[in-house]
Amino acid sequence: MWAPLAESSPLIGLAYNRGAESLIKRNPASADYLEVPFELLRHDASIIDLKQYKPFILHCASMSIAGSARPPLTTIQQIFEWIDRTETPWLGEHLSFITAEKPGASSHRDEYAPGEPYNIGYTVSPPMNEETITMVVESVDACQHHFAIPLLLENPPLYFLPPGTTMSQADFIRSICGQTSANLLLDLTHLYITSRNFDFDPRRELLKYPLEQVVEVHVSGVDCQADIHWDNHASPVPDPILQMLPLVLERGKVRAVTLEYNWPSAMVESVLVDEVDRVRRVVQRGMPG
Amino acid sequence: MSTTTVNSIIARCILDPRFLDALASNTEETLKEYALDEQEQRGFLSLDLRRIRYLAGFITKIQNHDVIAEMAQTHTLLRHYDLELPVFSAYRETHQRMRAANPGKREKVRAFVAFLKTYLASLPPDSAPGLEDILNHEWLMWEASESAGTQPPPSGAGSTDETPPERALDDLDELVPRMNGVFRVGVFEHDPLEIANQIAKSAFDSSRLCKDAGIWGYWGNPGSASVRLFRLDYGVLTVLQEITGSRTIGEIIRRLTAAAKSEITPEEVRSFFVTAFQSGLCRAT
């Protein structure tokens, strides 16, 4: 499925939810692939049956690649198994941490998981500095040791600047990509959210990322609450975000553009179809229509 | 530099609202137990902790998507009134306690609704018109449906517990009525169906809501696995409250008359029960 299309224009896919499943079953031509979280497959293995309709890309949020608390070996083994079963061409993972160590001297008595690392259950950006780069490089090397497919790192949105940060996200990612074999899963919505929260021009900043290493792009909606911009996987991608996509396409080797409309309150099927067409037009013509 | 320590503090801020409160009220003292360099220390001192608090609320919202799906119209109005992040930020502590027990969706819905009712009751009056009503409506719909789903379906032929035949209605006063399935009652400030209708049309406008205090009944019918709504007047409500499964209709009429609890006449009570038997709302033994 993937190899013959390596030279053609990027494929357009949907992040998995029930709506995407229904659409793929009833209208298989609407999207080219499904992106499915490892965590969901681990919870409900029957979702693999959808592979008869569309190829899968495997996405992951469990490796805490920018943290020092390593995932259990069983998790790595399960990811390995799902890489095999999904036949995913690469593994996307957040350039974030989801677990963090509890300092030995901490007075915090954790009733939730005593003796275990903090588990946020959601990916969060680490401080962006040389020490974190070293940590991430080691994590990526360890992952590549386990997995025979490419690893893509996804830029997280920034809602606050983690203390200890000494560089921009673009420089942070460029350095990591330069020191590892990892490529980039560029979430344009995350970049846009960060630009709004820190008041910079996203198009100018975008060009500082290693766009030549972008293999996959994510887009989704944006929400503004309490004067902060937030990720929103239940609303259409705003035009200013889609307008950045051609800049990436003309500089990178993008093979897939995923619409992340996977929250339960996401759009009705007709809107989902329109959204796929809208993104496809941008990919084919280079500008939002 | 210590990425490990910074990550640990951020994670604790997100997971432990009391730690975040302590950090906000006395940052330097709270950070003493952590080995941070000067730059990291400065970073935490200048950090807008409100952003971490809201991030914690944002994460809580995402981790409760299954609950939100059951209370979708309530969620729409939470967003309409800019209450989504404040509510889920405030819910963080309860949510963390819940995570420890790895609850199912039912327990999660019950806990969230109980929390949200208390939260909304603490808001200034009229600050979010229609929100408490739509929450109560969705809750009663959900609860009646869930409870009815756990009840056995109606008994089959030959049972003594079924809709009475026409001739039995001649001796109506001798019948013992009992509710079929689940019946819940809600008191509303505004018409919940009007609110639901506006939200469904993406046209909610609080200025178009009329105060229309009313009592609504939610009947979860185990036979059809559906919930039907009835607008109730006070007379019908007093009749429903008299149904125990052991009193005859005659007794119910005598009790209502003796207590002067209702302006409903004996004929109206009988008429109500005839309709209730025919619709399946009540069964007779």
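Just above sits the structure.
Conventions and cut-offs
- Residues numbered from 1 in each chain as written.
- Chains lettered and ligands numbered in written order.
- Predicted model: local features only at pLDDT ≥ 70, side-chain atom pairs only at ≥ 80, totals over all residues.
- Heavy atoms only, no water.
- Helix = DSSP H or I, 4+ residues; strand = E, 2+ residues; numbered from the N terminus.
- Rg over C-alpha atoms; globule rule 2.2 N^0.38 Å.
- Buried < 20%, exposed > 50% of the residue type's maximum accessible area, 1.4 Å probe, protein only.
- Contact = heavy atoms within 4.5 Å.
- Areas by Shrake-Rupley, 256 points an atom, 1.4 Å probe, with all protein chains shown as cover.
- Lys, Arg positive; Asp, Glu negative; His and termini not counted.
- Charge placed at Lys NZ, Arg CZ, Asp CG, Glu CD.
- Polar contact = N/O pair within 3.5 Å; in protein donor to acceptor, adjacent residues only side chain to side chain.
- Phe/Tyr/Trp six-rings, centres within 6.5 Å; stacked < 30°, edge-to-face > 60°.
- Lys NZ or Arg CZ within 6 Å of the ring centre and 35° of its normal.
- Pairing = 2+ DSSP bridges.
- Axes fitted to C-alpha atoms, helices over the stretch in contact; angles between N-to-C directions.
- Buried area = accessible area lost by both parts, 1.4 Å probe.
- Salt bridge = Lys/Arg side-chain N within 4 Å of Asp/Glu carboxyl O.
- Nonpolar A, V, L, I, M, F, W, Y, C, P; charged D, E, K, R; others polar.

Draft legend 1. The arrangement of the overall build of chain B in detail. If you tally the helices and strands in chain B, you get 15 helices and five strands. Relative to the 2.2 N^0.38 estimate, which gives 19 Å for 285 residues, the radius of gyration of chain B is 26 Å and therefore markedly larger than a compact globule would have. Counting the 285 residues in chain B, one finds 53% classified as buried. Look at the contacts in chain B between residues 6 or more apart in sequence, and 72% of them connect residues 24 or more apart. For chain B, the accessible surface area stands at approximately 13300 Å², while carbon and sulfur atoms represent 50% of it. Across chain B, 31 positive and 39 negative side-chain charges occur, with their mean positions spaced 4 Å apart.

Draft legend 2. Main features of the side chain of A:T180. Residues and elements named next belong to chain A. Here T180 is to be found in the loop between α5 (169-179) and β8 (183-187). Within the structure, the side chain of T180 is placed 2.9 Å from the backbone oxygen of I176, a separation counted as a polar contact. For T180, the side chain forms a polar contact with the main-chain nitrogen of A182, separated by 3.1 Å. Those residues in contact with T180 that lie beyond four places of it in its chain are V137 and V140.

Draft legend 3. Molecular detail of the packing of aromatic side chains. Throughout the structure, instances matching the rule amount to 17 aromatic pairs over all chains. Three or more aromatic residues link up through ring pairs in this structure, and these residues are A:Y122, A:Y159, A:W230, A:W263 and B:F58. A:R196 extends its terminal NZ or CZ atom over the ring of A:Y192, reaching a point 5.2 Å from the ring centre. When the ring centre of A:F198 is taken as origin, the NZ or CZ atom of B:R51, which lies over that ring, is 5.9 Å away.

Draft legend 4. Examining the pairing of strand β9 (residues 214-219) of chain A more closely. Residue and element names in this part refer to chain A. Across the six residues of β9, six count as buried, placing the element largely inside the fold. Taken together, the four bridges between β8 and β9 define a ladder with parallel strand orientation. Residue L185 lies in a different strand from β9, and its bridge partner there is E216. Bridge count for β9 against strand β12 (residues 256-259) is four bridges, and the pairing is parallel. Within the sheet, the bridge partner assigned to H218 lies in β12 and is T258.

Draft legend 5. Summary view of the sheet that holds strand β4 (residues 226-232) of chain B. All names here are of chain B. A sheet is described by the order of its strands in space; here three strands give the open sequence β2-β3-β4, paired in antiparallel fashion. The open sheet is flanked by β2 (182-190) and β4, the only strands paired with a single partner. Taking each pair of neighbouring strands and ignoring which way they run, the sheet shows an average axis angle of 25°. By the bridge criterion, eight bridges tie β2 to strand β3 (residues 211-221) in an arrangement that is antiparallel. Of the residues in β3, the one forming a bridge with F188 is G214.

Draft legend 6. Here's a closer look at the interface of chain B and chain A. The interface is formed by 39 residues belonging to chain B together with 44 residues belonging to chain A. Where chain B abuts chain A, roughly 3600 Å² becomes buried across the two surfaces, and 64% of that area is made up of carbon and sulfur atoms. Considering only the side of chain B, the residues that lose the most area to chain A are B:T3, B:R51 and B:F58, jointly responsible for 17% of the buried surface there. The tally of links from chain B across to chain A stands at one salt bridge. In this structure, A:D223 engages B:R79 in a salt bridge whose closest nitrogen and oxygen atoms are separated by 2.9 Å. One can count 13 residue pairs in polar contact (both at pLDDT 80 or more) joining chain B with chain A. At the level of elements, α1 (3-15), α4 (38-45), α5 (49-63), α6 (65-70), α8 (84-90) and α9 (92-101) of chain B are the ones that each hand at least two residues to the side of chain B that touches chain A. The class makeup of the residues in the side of chain B that touches chain A is 18 nonpolar, ten polar and eleven charged.

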